[in-house]
Protein chains: 4
Amino acid sequence: MSARPTLEELNQMPRDAFLAQLGDVFEHAPWVTGSVVDQRPFSSVAAMHAAMLASVRALPEEKLVALLAGHPALAGAAARAGTMTADSTREQGALALEKLPEEQMAHWDALNSAYQAKFGFPFIICVRRHTLASVLRSFARRLAADRASELVAAVEEIGRVSRLRLAARIENHGMDEIVGRLTTHVLDAARGKPAPAVRVELFEKSTAGMHPIAQGVTNGDGRTAEPLLDGMPLRIGTYELRFHVGDYFRSLGEGDTEMPFLDVVPIAFGIGEPESHYHVPLSITPWAYSTYRGSY
Amino acid sequence: MSARPTLEELNQMPRDAFLAQLGDVFEHAPWVTGSVVDQRPFSSVAAMHAAMLASVRALPEEKLVALLAGHPALAGAAARAGTMTADSTREQGALALEKLPEEQMAHWDALNSAYQAKFGFPFIICVRRHTLASVLRSFARRLAADRASELVAAVEEIGRVSRLRLAARIENHGMDEIVGRLTTHVLDAARGKPAPAVRVELFEKSTAGMHPIAQGVTNGDGRTAEPLLDGMPLRIGTYELRFHVGDYFRSLGEGDTEMPFLDVVPIAFGIGEPESHYHVPLSITPWAYSTYRGSY
Amino acid sequence: MSARPTLEELNQMPRDAFLAQLGDVFEHAPWVTGSVVDQRPFSSVAAMHAAMLASVRALPEEKLVALLAGHPALAGAAARAGTMTADSTREQGALALEKLPEEQMAHWDALNSAYQAKFGFPFIICVRRHTLASVLRSFARRLAADRASELVAAVEEIGRVSRLRLAARIENHGMDEIVGRLTTHVLDAARGKPAPAVRVELFEKSTAGMHPIAQGVTNGDGRTAEPLLDGMPLRIGTYELRFHVGDYFRSLGEGDTEMPFLDVVPIAFGIGEPESHYHVPLSITPWAYSTYRGSY
Amino acid sequence: MSARPTLEELNQMPRDAFLAQLGDVFEHAPWVTGSVVDQRPFSSVAAMHAAMLASVRALPEEKLVALLAGHPALAGAAARAGTMTADSTREQGALALEKLPEEQMAHWDALNSAYQAKFGFPFIICVRRHTLASVLRSFARRLAADRASELVAAVEEIGRVSRLRLAARIENHGMDEIVGRLTTHVLDAARGKPAPAVRVELFEKSTAGMHPIAQGVTNGDGRTAEPLLDGMPLRIGTYELRFHVGDYFRSLGEGDTEMPFLDVVPIAFGIGEPESHYHVPLSITPWAYSTYRGSY
């Protein structure tokens, strides 16, 4: 058996081994995993996850709130004290919440307290689907919602968190539905051919400015060798692609080199569906371009 | 006679009056104006200017260099001391060269000295056709040229400066060739109609960042009421238009309001032909757009 | 007074002269013109026409049907016998209905009879807004409607017919709302410039095939000297523009001359709003193009 | 061993078997195959074909002309008499040359005679890369060439013919370079999604009109299930794709159903590179569209 078991192995292993493998998929709630052990075998990881989530949804409200209470506050005391589970640490860590300046920490504390006070459980969100900006927008929106909606929202977010954890623990999990992807393509519309050797940069935009997160160079097919983002949910947020087409046209001996009309082409766009494929291509001449959201 | 004479009036007025009106078109060189007074009448202001410039071009090198020496250095001592002609003050002033931080002043001084030392006359450029960035690029390029080329370049720049001064002094000068223009148009390609009420901002880009220089809102024809830039040469440089299409689509009840794919669309472009019409339109849907340089 | 009076002249001329000028604007119904003579002066031709149409709309049904009965059947006995009014002859003539082959005449006779039998008045349509194909489509659709709708439709069509007749009789009528226009523009997107000397053909499409109705060649602005269609309502129908871009690119020494990717670019489109401006431009490279309906 | 041997099997089989399998790859010239039998093993089918063609190119002119003479005239006596090899019959048959009307047959006879008379060998062309129109254009052009060029051209065409025959006889031949492909994609640019269920027709254009050769319907990815053309060289010629977007938009409850601006969108294009991938996508709204040649 490999370090990460396959679905087949999980279906056949002893109960204890199963619980040892997957007991921490739901934060501080190994009983959720335990509730599905006798439902094995599962036909897919998605089916196993659905069964787990059904156990959560079947809880009476009091017990559900207790489950929610087991989750650490975002950028909260546990995060700062380093007492979160390894999974939570990794998930929250991507936003570097623990490195926020002090006044922003105070803002988070206020938000967390307000949410806990209003609803009686902590604010839960699947951080891996978010940028800092979109977490803050969601927090503000959800703080204004009513308790019934927030109970539903919290379970939905727990479902997203646990689905990602489950996928991380199983070899060949087959859950394509959790993967988002950002790809691009550059077409030289004056030549009717892909544009090779075009440098492409990807930035995440926030109120603090632009933050580079990926880059690539187009190959003979006009594509980057790898997707610009791949392998996990994308993060809800605003982004900017920058295509260095001026260099490309200059390499072809084209364009007014003194002051070309187009040099670095920015495409600013939002990602709102983290589990989708965003194909954002560029069709270009030295004097014109077009782009669109495609999905293939 | 109005404050600004027409060509017809200039053609018919006494010699002295003509010289009084146009004597300062060439910096510290009223004799250039004097050299054409007896060639009147001129069929056009352009013809009058061509005659003046022909007098300059006919000079032996020694006298030409003396004429060039009459021009103030860019951001030089005269500029800082406030002893430039009114025209030069106005022209240089647009770039706010006198407000540059001290270390940049030192850079200018070094450039001016190096140029004067190498060629024996000051660096002359028609500032009104330039941004700070493009002046610096030109300065670097021309500093590397040879003396013969620079004598030609200096006369060409003097021609551009004097042409603008001449136009400013004559009512209905008819010299459309000195006017550049930047216009835009927004088409809602999903509706087949102009997009009204779209806010459009224009920024000048420099190493220091973005500087807002114009803005407008599209009308029922998808155009701004006025060109974004008009009435004089444009400035060689890099610019960015920003179209607030997210607001437009939201006003139509469209788009994923949580996180739209397109919100503020940036179009970054260079202007290299200051006396041209740049029409930079946007054709847009919530998921796609195209732009191009048009010229009508 | 000129052959065609102006609105001002019509407002001031004697009653008899007014009736003589405009008495036949409504087919066989000079009383309609008479009903507005004492409402003069009118502030616009549109206001005069609205007053006339109000008189028609005020008729009790019996009298309205009598008015409708005064209109000749489309391609009917009067058309073939040459006994229609000059206006009707001219209007119906544009579709060359009298030259239809015999079996189609029989079809028209059947349609006319069926309509007259069902509704008690002839089928009335403003022919100048239609192609043969769209008249037939309208006929089929309206034959299936109910009598109340058709009374409304007939008055609306009479309003359109009379508005065009009124405009034809008045100098400077100022009714821009009756004029449609088809224009185009060709942009060379690989050069960022209008494409000159491109031949453009316009065809009307029908079940019988393509029928050339206009053509032009682009000038230095990428436009044809005249709109392809202008000066009256367009005709509801389907059209095809053909842009001879292969010749253009060959003249620039471009493209695979043996077998270019693009040679004659067809744009097939429908006109459904006869009183609108259809701007149908082409942005093109040897390998790509785009078009859209604009309205300026 | 399967009916069609693999390269590995061909490399290892007895000489006689090899000759039996591939002896007719060059028309009436089994010796060409024989000339390479002892060069086995070949690392690829392409290498084997190159070796065969090298034998042809090494021929003295007299023997080369004899080889060329073994090829049947296009639409010539052998074709009509049914005495061509099975391969030639299949290849020529695709253009239905034997079904041409009599006066065109006379034209072919005249062309064949003129070519034979001028050069001393028959006109040879790889018919599978051509439409009737492009064969005639090539014939006219090559008839005007000189003998040296035509000897080179004839060998090149024989190389193309034999390469296709070789590929047809070998399992997993791996010669991707002989395959052309035509694909399309429809993007709904107003929705940012592929447009499903759009009917697409492909026509071959000739002087005689349009001839339907393929059709498909887009799936959820905006693509047809199969390429519109695939699996062999494309045919040099002019084509028209027709996209039934009016039906698509109507199915979404959109567009002016009476007379939509866009209904059936024609894209007319030429194919000049039979062994290439032509990707000809459509990006569309009810009021605008764009297309380009892509290659992926």
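For the structure, see preceding data.
Cut-offs used in this document
The residue numbering used here restarts from 1 in each chain and proceeds along that chain's sequence as written. Both sets of labels track the order of writing: A upward for chains, 1 upward for ligands. Local features in a predicted model are, by the rule used here, given only for residues with pLDDT of at least 70; side-chain atom pairs are given and counted only at 80 or more, and totals for whole chains, interfaces and linings are based on all residues. Based on all heavy atoms of the structure, the side-chain values leave hydrogens and waters out of the count. Working definition: helices are DSSP H or I runs of at least four residues, strands are E runs of at least two. Numbering for both runs from the N terminus. When a residue's accessible area, from a 1.4 Å probe over protein chains only, is under 20% of the maximum for its type it is buried; when over 50% it is exposed; and in between it is partly exposed. In what follows, residue pairs with any heavy atoms lying within 4.5 Å of each other are defined as contacts. In summary, the charge assignment counts Lys and Arg as positive and Asp and Glu as negative, without counting His or the chain termini. Lysine's charge is taken at NZ, arginine's at CZ, aspartate's at CG and glutamate's at CD. A least-squares superposition brings the copies together, and it is based on the C-alpha atoms of residues with pLDDT no lower than 70 in both. Simply put, an axis is a line fit to the C-alpha atoms, just over the touching stretch for a helix, and the angle between two N-to-C directions goes from 0 to 180 degrees. Angle categories: roughly parallel below 35 degrees, roughly antiparallel above 145, roughly perpendicular from 65 to 115, and oblique for all the rest. A clockwise turn of the near helix away from the far one marks a right-handed crossing, whereas an anticlockwise turn of less than a right angle marks a left-handed crossing. A pair is scored as a salt bridge if a Lys or Arg side-chain nitrogen falls within 4 Å of a carboxyl oxygen belonging to Asp or Glu. Pairing of N or O atoms within 3.5 Å defines a polar contact, subject to two protein rules: one partner must be a possible hydrogen donor and the other a possible acceptor, and residues neighboring in sequence count only if both atoms are side-chain atoms. In the scheme used here, Gly and all other residues not listed as nonpolar or charged are polar, with Ala, Val, Leu, Ile, Met, Phe, Trp, Tyr, Cys and Pro taken as nonpolar and Asp, Glu, Lys and Arg as charged. The pairing criterion for strands is at least two bridges between them, as found by DSSP. Once two parts are put together, the accessible area they lose, assessed with a 1.4 Å probe and summed over both, is termed the buried area.

K.L.:
Tell me about the overall build of chain A, and name the residues and values.
P.N.:
When its secondary structure is counted, chain A shows eleven helices and eleven strands. Taking the principal axes of its C-alpha atoms as reference, chain A extends roughly 70 × 50 × 30 Å. Relative to its 296 residues, chain A shows a buried fraction of 52%. Here the analysis covers contacts within chain A between residues at least 6 apart in sequence; of these, 66% occur between residues at least 24 apart. Computed over 29 positive and 35 negative side-chain charges, the inter-centroid distance for chain A is 2 Å.

K.L.:
Can you explain the relation of the copies chain B and chain A? Please cite residues and give values.
P.N.:
Superposing chain B onto chain A requires a rotation of 180° together with a translation of 0.0 Å along the rotation axis, leaving an RMSD of 0.1 Å. What the superposition gives is, in effect, a two-fold axis relating one chain to the other. Taking C-alpha positions as reference, the residue of chain B nearest the rotation axis is Ser-290 of chain B, located at 2.0 Å. When you check the interface residues of chain B against chain A, 100% turn up at the interface there too, and the contact is symmetric in its surfaces.

K.L.:
So what about the packing of helix α5 (residues 61-69) of chain C against helix α10 (residues 147-169) of chain C? Which residues, and what values?
P.N.:
Residue and element names in this part refer to chain C. In the contact formed by α5 and α10, the axes pass within 11 Å of each other and the chain directions differ by 55°. On the basis of the axis angle, α5 is oblique to α10. The two elements α5 and α10 cross, and the hand of that crossing is left-handed. On the side of α5, the interface is formed by Glu-61, Leu-64, Val-65 and Leu-68, while α10 contributes Arg-147, Leu-151, Ala-154, Val-155 and Ile-158.

K.L.:
Break down the relation of the copies chain A and chain D for me, with residues and values.
P.N.:
After a rotation of 180° and a shift along the axis of 0.1 Å, chain A superposes on chain D with an RMSD of 0.1 Å. An overlap of 100% is found between the interface residues of chain A and their copies at the interface of chain D, pointing to a shared contact surface.

K.L.:
Can you explain the interface of chain A and chain D? Please cite residues and give values.
P.N.:
Contacts between chain A and chain D engage ten residues on the former and ten residues on the latter. At the junction of chain A and chain D, the tally comes to zero salt bridges. Between chain A and chain D we count zero residue pairs in polar contact (both at pLDDT 80 or more) in total. Looking at the side of chain A that touches chain D residue by residue, the classes come out as four nonpolar, four polar and two charged.

K.L.:
Kindly report on the pattern of salt bridges, identifying the contributing residues and their values.
P.N.:
For side chains of opposite charge, pairing can occur when their charged atoms come near one another. Enumeration according to the criterion identifies 74 salt bridges over all chains in this entry. Taking the shortest distance from any N to any O, the salt bridge between Asp-87 of chain D and Arg-169 of chain D comes out at 2.6 Å. Placement of Asp-87 of chain D in helix α7 (residues 86-93) and of Arg-169 of chain D in helix α10 (residues 147-169) is noted, with a sequence separation of 82 residues between them. Its relative accessible area of 14% is what places Arg-169 of chain D among the buried residues. The shortest N-O distance in the salt bridge between Asp-188 of chain D and Arg-191 of chain D comes to 2.7 Å. Each of Asp-24, Asp-87 and Arg-169 of chain A takes part in salt bridges that share partners, so that together they form one network.

K.L.:
Explain the sheet that holds strand β9 (residues 277-279) of chain A to me, and be specific about the residues and the numbers.
P.N.:
Residue and element names in this part refer to chain A. Ordered by their spatial adjacency, three strands build an open sheet running β6-β1-β9, and the pairing between neighbours is mixed. Two strands in the sheet have a free side with no partner beyond their single neighbour: β6 (229-232) and β9. In this sheet, adjacent strand axes meet at a mean angle of 10° when their direction is disregarded. Strand direction decides the pairing type here: strand β1 (residues 180-183) and β9, joined by three bridges, are parallel. By the bridge assignment, Thr-183 is partnered in β9 with His-279.

K.L.:
Can you explain the pairing of strand β10 (residues 282-285) of chain C? Please cite residues and give values.
P.N.:
Residues and elements named next belong to chain C. Where burial is concerned, the two faces of β10 agree: the one with Leu-282 and Ile-284 and the one with Ser-283 and Thr-285 are both buried. As paired strands, strand β2 (residues 186-188) and β10 are joined by three bridges and run parallel to one another. Looking at β10, one finds that Leu-187 is bridged to Ser-283. Pairing analysis gives four bridges linking β10 to strand β11 (residues 288-292), with the strands arranged antiparallel. Bridged to Ile-284 within β11 is Tyr-289.

K.L.:
Can you lay out the interface of chain B and chain A for me, pointing to particular residues and giving the numbers?
P.N.:
Each partner contributes to the interface: chain B provides 27 residues, whereas chain A provides 28 residues. A buried area of about 2,200 Å², summed over both sides, lies between chain B and chain A, and 62% of it is on carbon and sulfur atoms. When the buried area of chain B at its contact with chain A is split by residue, Met-259, Phe-261 and Tyr-289 of chain B rank highest and sum to 31% of it. Across the chain B-chain A interface, the total number found is zero salt bridges. Linking chain B with chain A are six residue pairs in polar contact (both at pLDDT 80 or more). At seven residues, the largest contribution of residues to the side of chain B that touches chain A is made by strand β8 (residues 264-271) of chain B. The residue inventory of the side of chain B that touches chain A, partitioned by class, reads 17 nonpolar, six polar and four charged.

K.L.:
Tell me what's going on with the side chain of Glu-27 of chain A, and back it up with residues and numbers.
P.N.:
Residue and element names in this part refer to chain A. Mapped onto the secondary structure, Glu-27 falls in the loop between α2 (15-22) and α3 (30-34). On the basis of relative accessible area, Glu-27 is assigned to the buried category, the value being 4%. One polar contact links Glu-27 to Arg-165, side chain to side chain, over a distance of 2.7 Å. In contact with Glu-27, other than residues within four places in its own chain, are Leu-67, Gly-70, His-71, Pro-72, Thr-85, Ser-88 and Arg-165.

The analysis is restricted to geometry; functional conclusions fall outside its scope.
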